[in-house]
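Listed here are the chains, written in short residue letters.
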Amino acid sequence: MESNKNFVLGIYNDEDVLLSAIKQVRDSGIKIHEVYSPFPVHGIDEALGYKRTRLPIAAFLFGLLGTTLALTMQIWMLGYDWPMIIGGKNFISFAPFIPVTFELTVLISALGMVATFMIVSDLKPYKKPRLMDIRITDDKHVMAVDLAKNNITKEDIKKVIQGSGASEVNDKNF
Amino acid sequence: MQVTSSVREPLVTGGKTAHDVTEDICSQLEGRPSKSWMIGMAVALSALGIGACAVFILVWDGIGVWGLNKTIGWAWDITNFVWWVGIGHAGTLISAILLLFRQKWRMSINRAAEAMTIFAVICAACFPGLHMGRLWLGFYWALPLPNTFGSLWVNFNSPLLWDVFAVSTYFTVSLVFWYIGLIPDFASIRDRATNKISKMVYGALSFGWDGAAKTWSRYESVALILAGLATPLVLSVHTIVSMDFATSVIPGWHSTIFPPYFVAGAIFSGFAMVQTLLLITRKVMHFEDYITRGHVELMNIVIIITGGIVAIAYTTEFFMGWYSGLDFEDYMYMSYGAATGPWAWAWWALIICNILVPATLWFKKVRTSFVWSFVISIVVNIGMWFERFDIIVIDLSHDYLPSSWSMFYPTRYDIGVFLFTFGFFFTAFLLFAKFFPVINMSEIKSIIKSTSSKENK
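The rules behind the values
- Residues numbered from 1 in each chain as written.
- Chains lettered and ligands numbered in written order.
- Predicted model: local features only at pLDDT ≥ 70, side-chain atom pairs only at ≥ 80, totals over all residues.
- Heavy atoms only, no water.
- Helix = DSSP H or I, 4+ residues; strand = E, 2+ residues; numbered from the N terminus.
- Rg over C-alpha atoms; globule rule 2.2 N^0.38 Å.
- Buried < 20%, exposed > 50% of the residue type's maximum accessible area, 1.4 Å probe, protein only.
- Contact = heavy atoms within 4.5 Å.
- Areas by Shrake-Rupley, 256 points an atom, 1.4 Å probe, with all protein chains shown as cover.
- Lys, Arg positive; Asp, Glu negative; His and termini not counted.
- Charge placed at Lys NZ, Arg CZ, Asp CG, Glu CD.
- 1 Å grid on protein atoms, 1.4 Å probe; cavity = no way out; pocket = protein on both sides within 12 Å on 5 of 7 lines; lining within 4 Å.
- Points joined across faces, edges and corners; volume = space filled by probe spheres on them.
- Nonpolar A, V, L, I, M, F, W, Y, C, P; charged D, E, K, R; others polar.
- Domains from an automatic or database assignment.
- Pairing = 2+ DSSP bridges.
- Core = buried A, V, L, I, M, F, W, Y, C linked by side-chain atoms within 4.5 Å.
- Buried area = accessible area lost by both parts, 1.4 Å probe.
- Salt bridge = Lys/Arg side-chain N within 4 Å of Asp/Glu carboxyl O.
- Polar contact = N/O pair within 3.5 Å; in protein donor to acceptor, adjacent residues only side chain to side chain.
- Axes fitted to C-alpha atoms, helices over the stretch in contact; angles between N-to-C directions.
- Parallel < 35°, antiparallel > 145°, perpendicular 65-115°, else oblique.
- Left-handed = near helix turned anticlockwise from the far one by under 90°.

A tally of regular secondary structure across chain B gives 17 helices and zero strands. Taking 23 Å as the expected radius of gyration for a compact globule of 457 residues, we find that chain B reaches 23 Å, a close match to that expectation. Once the C-alpha set of chain B is aligned to its principal axes, its extents read approximately 70 × 55 × 40 Å. Taken across its 457 residues, chain B has 60% of its residues classed as buried. For chain B, the proportion of contacts with a sequence separation of at least 24, taken over those separated by at least 6, is 81%. Entry remark: accessible area of chain B is about 18,700 Å², with carbon and sulfur atoms responsible for 70%. Charge-centre separation for chain B: the mean point of 29 positive side chains lies 13 Å from the mean point of 28 negative side chains.

Laid out in structure tokens, this is it:
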């Protein structure tokens, strides 16, 4: 990603125009680098051909880890390390262990999933964003096409983007 | 594929565009603080300062400075704890449960409601902490940390320990949920910032957000799963809080309907607090186009429903106590004895504030009126405080031996510590309102096309 630094940007004002533009641009054989939006646009994953994220699986696995840790901790502490008779209950009595097990499952699942999300999306404090256009976080949608990844001339790419309903077509170099 | 409905009222009025949304919300935190903000801050900081003196003396001298006695070992402290935790529930309900139900009206209010949740949970956590007396040993008593007593572990059979795990998990997950939602909005502020300090601060807070479609897709998935996790979590928190009472063998507390009854009560009081705060925010920060009469009415409807559940719970408690035929039950918080005895004022405060006054919301005129909604929201919060006070203090005051029956009178340290949490809550909320985007900009922008009144025409 770092080696290619020349982009053509199509700027769109409307999310519905953007969605049909993505289809047009992809149909004409141009590979889109990425699309940037001020808010989540529904249907954009399918339009760009992105696979579904596997974050739900990560959340489930972290949840499983939480359940295991919580049960192991309680059983070991109250059942083996220092058994005590509390209210005449068994040393290892599952019913009273449920609340803490549930809470730790939720805690570790949530924290683990969010940490995974931060890592895979490379979100971290003091990271300098590679902003394609300053108006992305305001109201503009930006489609970026990487010139090095396409065998089509810059002029042809610009023509297709212009024809797809973009309000502006710009160059961007990093 | 936007669907415009002619039946539903627009969620955002005034024909806003996405750019207007950024402008309206960011401009609030770019200028100098307004005069009303300064006055609010002065009041909040005074309350915090006076309260801090009470907290200092409490920690220095021990909890004997409270009005507790041998019969009533729990009073304002636990009342305030349950009250603040309950208030926190609305934030998660709005952002998680309404997200799962695809209720788009949540988008104007979820950010502020989540902030309120976080501050309310911090306020709540003060009370069990201070009640321990020796705060600095609290970590050993509350968390399973290796220690030099054995290790002698914490008691996982105790509902008080479940509370520690429930409240701290709830706090952490709410904070993470809130922060994930804030990242794109911080990026909007970062890209508008003109001075160096805001550029740096919001640049750091926005985590290098660039708005890529891939990140948005993951972000939406994270938000959905967090909502899925937060929904049972929020229900579990007040369930476990109610178990502090329900799993004990104290008459009046040992009641199986406590969990659902407490959860409904929590949402009831939480929505009332959201209503109070948002009606002020709306006026002061000029968010009339974002928080409309429709939003206020919908929140009032949630208040009617949860208030109704609470009223049924009171009736059930009253009936079951009477039907048991036990004399002892006549001293419990929901009984004829409570309504006529020495605590009659507290009992009637509960009935009036929680049942009779909110019942007026059944009239459309009342529930669409800003003034009445504001008044009723405050009344409900007072009523819900009395509910917890009644459950805790009335039930304890008449214990097993008539010779040890007692009344409870708060000292200035009871009041002072409560004031401290109020001071903290409002200081934090005002700071939030000044430096954070109070309305979730990116979510509002995603519905602006389908809902803005200009587009509907």
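Having seen the model, we can carry on.
What follows concerns the layout of surface pockets. All names here are of chain B. Its volume calculated, the second largest pocket comes out at about 950 Å³. Along its surface, the second largest pocket is lined by 29 residues, and Pro128, Gly129, Met132, Ala142 and Val164 are the ones closest to its centre. Of all the secondary-structure elements, those providing two or more residues to the lining of the second largest pocket are helix H3 (76-100), helix H4 (110-131), helix H5 (138-142) and helix H6 (159-192). Sorting elements by how many residues they give to the lining of the second largest pocket places H4 first, with eight residues. Here the residues of the lining of the second largest pocket sort into 21 nonpolar, six polar and two charged.

So, about the domain arrangement of chain A. What the domain assignment lists for chain A is domain 1 (6-52 + 140-173) and domain 2 (55-120). Here domain 1 of chain A and domain 2 of chain A have C-alpha centroids that lie 46 Å from each other.

What follows is about empty space enclosed by the protein. Residue and element names in this part refer to chain B. Counted under the stated rule, the structure contains two cavities of 30 Å³ or more. The computed volume of the largest cavity comes to approximately 70 Å³. Gly91, Thr92, Ser95, Glu114, Thr117, Tyr170, Val173, Ser174, Phe177, Ala230 and Leu233 together form the lining of the largest cavity. Listing elements by their share of the lining of the largest cavity, those giving two or more residues are H3, H4, H6 and helix H8 (213-246).

What follows concerns the pairing of strand E3 (residues 141-146) of chain A. For a regular strand, side chains alternate in direction, first toward one face of the sheet and then toward the other. All names here are of chain A. Here E3 lies mainly inside the structure; six of its six residues are buried. Of the two faces of E3, the one holding His141, Met143 and Val145 and the one holding Val142, Ala144 and Asp146 are both buried throughout. In this structure, strand E1 (residues 6-12) lies alongside E3, joined through six bridges in antiparallel fashion. Residue pairing in the sheet places Tyr12 in a bridge with His141 of E3. One ladder, built from three bridges, connects strand E2 (residues 34-36) with E3; its direction is antiparallel. Bridge pairing in E3 places Glu34 opposite Ala144.

Turning next to the nonpolar core. By size, the foremost hydrophobic cluster in this structure holds 162 residues, and its most contacted members are Trp84 and Phe271 of chain B. Membership of the second largest hydrophobic core comes to 22 residues, among which are Leu19, Ile161 and Ala166 of chain A together with Ala213 of chain B.

With that out of the way, let us pick up the interface of chain B and chain A. The figure often quoted for interface size is the accessible area lost as the parts come together. Counting residues at the interface gives 56 residues for chain B, matched by 64 residues for chain A. Together, the buried faces of chain B and chain A total about 5,300 Å²; carbon and sulfur atoms form 69% of this surface. Linking chain B with chain A are zero salt bridges, by the criterion used here. Summed over the shared surface of chain B and chain A, the result is 16 residue pairs in polar contact (both at pLDDT 80 or more). Among the elements of the structure, helix H1 (18-30), H6, H8 and helix H16 (441-451) of chain B are those that each provide at least two residues to the side of chain B that touches chain A. At 17 residues, H8 of chain B tops the list of elements feeding residues into the side of chain B that touches chain A. Broken down by class, the residue content of the side of chain B that touches chain A amounts to 30 nonpolar, 18 polar and eight charged.

A word on the sheet that holds E3 of chain A. Residue and element names in this part refer to chain A. Strand order in the open sheet formed by four strands is E2-E3-E1-E4, and the pairing between neighbours is antiparallel. Sheet topology places E2 and strand E4 (168-173) at the edges, where each strand pairs with a single neighbour. Neighbour-to-neighbour, the strand axes of this sheet turn through a mean angle of 25°, independent of strand direction. Of the strands in this sheet, E1, E2 and E3 are in contact with helix H1 (residues 15-27), which crosses E3 at around 15°. Packed on one face of the sheet, helix H5 (residues 154-163) meets E1, E3 and E4 and runs near 15° to E1.

Moving on, we get to unusual backbone geometry. Leave glycine aside and you will find that most residues have negative phi; peptide bonds, for their part, are mostly trans. Residue and element names in this part refer to chain B. Look at Arg102: it is not a glycine, yet its phi comes out positive at around 55°. The backbone phi angle of Phe207 is positive, close to 60°, even though this residue is not glycine. Within the secondary structure, Phe207 is located in the loop between helix H7 (196-205) and H8.

The subject of this paragraph is the packing of helix H12 (residues 344-359) of chain B against helix H14 (residues 370-397) of chain B. Residues and elements named next belong to chain B. At their nearest, the axes of H12 and H14 sit 8 Å apart, and the two run at 140° to each other. The orientation of H12 with respect to H14, classified from their angle, is oblique. Classified by chirality, the crossing of H14 by H12 is left-handed. For the pair formed by H12 and H14, the contact residues are Trp345, Ala346, Trp347, Ala349, Leu350, Cys353, Asn354, Val357 and Pro358 on the first element and Ile376, Val379, Val380, Ile382, Gly383, Met384, Phe386, Glu387, Phe389 and Asp390 on the second. Split by residue class, the contact of H12 with H14 holds 15 nonpolar, two polar and two charged.

Residues and elements named next belong to chain B. Within H7, the full set of buried residues consists of Ser198, Tyr202, Gly203 and Ala204. Along its buried surface, H7 packs onto H1, H6 and helix H15 (412-435). At the N-terminal end of H7, a side-chain oxygen is found 3.1 Å from the backbone nitrogen of Ile197, two or three residues along, and the residue is Asn195. Two residues or fewer past H7, Phe207 is found with a positive phi of approximately 60°.

A few words now on the pattern of salt bridges. As enumerated under the stated definition, the model contains 17 salt bridges over all chains in all. The salt bridge partner of Glu30 of chain B is Arg192 of chain B, with a shortest N-O separation of 2.7 Å. Pair noted here: Glu30 of chain B is in helix H1 and Arg192 of chain B is in helix H6, with a separation of 162 residues, a long-range link. Judged by relative accessible area, which is 24%, Arg192 of chain B ranks as partly exposed. Of the charged contacts, one joins Arg367 of chain B and Glu297 of chain B as a salt bridge, the two residues approaching to 3.0 Å between their closest N and O atoms. Taken together, the positions of Arg367 of chain B in helix H13 (residues 364-367) and Glu297 of chain B in helix H10 (residues 293-324) put the pair 70 residues apart, joining distant regions of the chain. On the accessibility criterion, Arg367 of chain B (14% relative accessible area) is buried. Connected through salt bridges with shared partners, the residues Asp122, Lys124 and Lys127 of chain A form a single ionic network.

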